[in-house]
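# Understanding the architecture of this molecule
Next come the chains, spelled out residue by residue.
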Amino acid sequence: MLKFDEEKQLASVQGALALRPRIEAVVDGICKDGFRNLCWLGIGGTYASCLQAQVHMKERSDLDLFVENAAEYLTTGNRRVGEGTIVVISSVTGSTEEMVKGVEKAKAAGARVLGFIDVETAQLAGMVDWEIAYPANEQLKFFMVADRFMYHRGEFPEYDDYYAQLDAHLARDLVEVEKAADAFGLAFAQKHHDDKLHYFVGAGNQYGSTYSYAMCYWEEQHWIRTKSIHSAEFFHGMLEIVDPDTPVTTVSRPLGMSTSRGFTVWMAPVDRWTRPYWNSSSSRHLCRIRTSSFPDRKGPIWEASLAASSCTVPWATTRPPRAPASAPSSMIQSAWDRIWASWSTS
């Protein structure tokens, strides 16, 4: 594992968790004074983290909250930002041009800003109303803010128990996951470091990380072309260009939990995947012929009775059957698998 320092990683997460009393004090004060809505403002990787916080909250809370891309906000504005708005931001350098101007604009409209600025002497650190300086762990810091707001609204009754578990286990568990993933990461990198284009598909609270992983890590850091796609949009374009040689990684939530439009994308090997053709029974139904590697499995795309042989499967108008109970609960798979889609059991 390159540059891996176990003790440093443990200390980093534990230090971030130790910020919670400061975060609670800020959010408690905001809730006591009253506020109108909550805006997560970011750009690039911080925008991706905002997307994750938004999904995390909207599944539990009826709080008026929204995400703004700083550059778009500067161009189009947003009339929801004004008196009573709480803006939450994060910045590593504290000097990103769009974020500096975005905060200026939001404050001019009457909003107050909570900022996680890694460099406490940076320009942004002096502009926000509440500033907390601590490196890395951006999503964790955002989630602690989100959870405290929901706690005050009675929407997170398990708050104390939840954070007692995070304090006790999160740092160690993240380190162990990182160590366990090392061999897979090496094999994956060796196989895909020369990909001409790699697709990443995600949904729900994982879409933000999917977007960030593709853009910030593969494109910005490794100069590998990617495209990140929301799984709800998979059938509306990407399906038509995926073939056995297309590198695809999916990031899915566990089956049984609803994602956008009620389905999640996961993968399993497929022996044969032909080009689309027109179904003779109806020229309106574009179909594919597929042969399943798992003829005994009921679930994704078709029932076992059909999967036992080459079969015609309408994709545009037929709701896929429910996934089997034995389906994988959550996975990040790689390009040697083929994409399937299943409707969640929730």
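The text that follows walks through the structure, step by step, so that each part is easy to find. The structure displayed is predicted, hence computed values, not measured ones.

About the cut-offs
Residues numbered from 1 in each chain as written. Predicted model: local features only at pLDDT ≥ 70, side-chain atom pairs only at ≥ 80, totals over all residues. Heavy atoms only, no water. Salt bridge = Lys/Arg side-chain N within 4 Å of Asp/Glu carboxyl O. Helix = DSSP H or I, 4+ residues; strand = E, 2+ residues; numbered from the N terminus. Buried < 20%, exposed > 50% of the residue type's maximum accessible area, 1.4 Å probe, protein only. Bend = angle between axes of the 7 residues up to and from the residue. Contact = heavy atoms within 4.5 Å. Pairing = 2+ DSSP bridges. Axes fitted to C-alpha atoms, helices over the stretch in contact; angles between N-to-C directions. Parallel < 35°, antiparallel > 145°, perpendicular 65-115°, else oblique. Left-handed = near helix turned anticlockwise from the far one by under 90°.

## Some remarks on the pattern of salt bridges
Under the definition given, this model contains 15 salt bridges. Here Lys179 and Glu6 are joined by a salt bridge, their closest N and O atoms 3.4 Å apart. Taken together, the residues Lys179 in helix H7 (residues 159-180) and Glu6 in helix H1 (residues 6-17) connect sequence positions 173 residues apart. Among the residues examined, Lys179 registers a relative accessible area of 32% and is labelled partly exposed. Salt bridges here are not isolated pairs; linked through shared partners, they connect Arg20, Glu24, Asp28, Arg148 and Asp167.

## Focus: H7
Of all the bends in H7, the greatest, near 50°, is centred on His169. Those residues of H7 that are buried lie in contact with H1, helix H2 (20-33) and helix H6 (138-152).

## Some remarks on the sheet that holds strand E8 (residues 248-251)
Pairing is parallel in the open sheet, where three strands are placed in the order E7-E6-E8. At either end of the open sheet lies a strand with only one pairing partner, and these are strand E7 (226-230) and E8. Put simply, the sheet's adjacent strands are angled 20° from each other on average, direction ignored. Relative to E7, strand E6 (residues 198-202) runs parallel, the two being bridged by five bridges. When the sheet's bridge partners are listed, Gly202 is paired in E7 with His230. Here helix H9 (residues 207-221) sits on the sheet in contact with E6, E7 and E8, set at roughly 175° to E7.

## Topic: the packing of helix H3 (residues 45-58) against H9
In the contact formed by H3 and H9, the axes pass within 7 Å of each other and the chain directions differ by 165°. The orientation of H3 with respect to H9, classified from their angle, is roughly antiparallel. Of the two possible hands of crossing, H3 and H9 adopt the one that is left-handed. Along its contact with H3, which presents Gly45, Tyr47, Ala48, Leu51 and Gln52, the element H9 presents Tyr207, Gly208, Ser209, Tyr211, Ser212, Met215 and Cys216.

## A closer look at the environment of Val88
Of note, Val88 is situated in strand E3 (residues 85-91). Residue Val88 is classed as buried on the basis of its relative accessible area of 0%. When residues no more than four places from it in sequence are discounted, the contact partners of Val88 are Leu38, Cys39, Trp40, Leu41, Leu114, Phe116, Phe142 and Val145.

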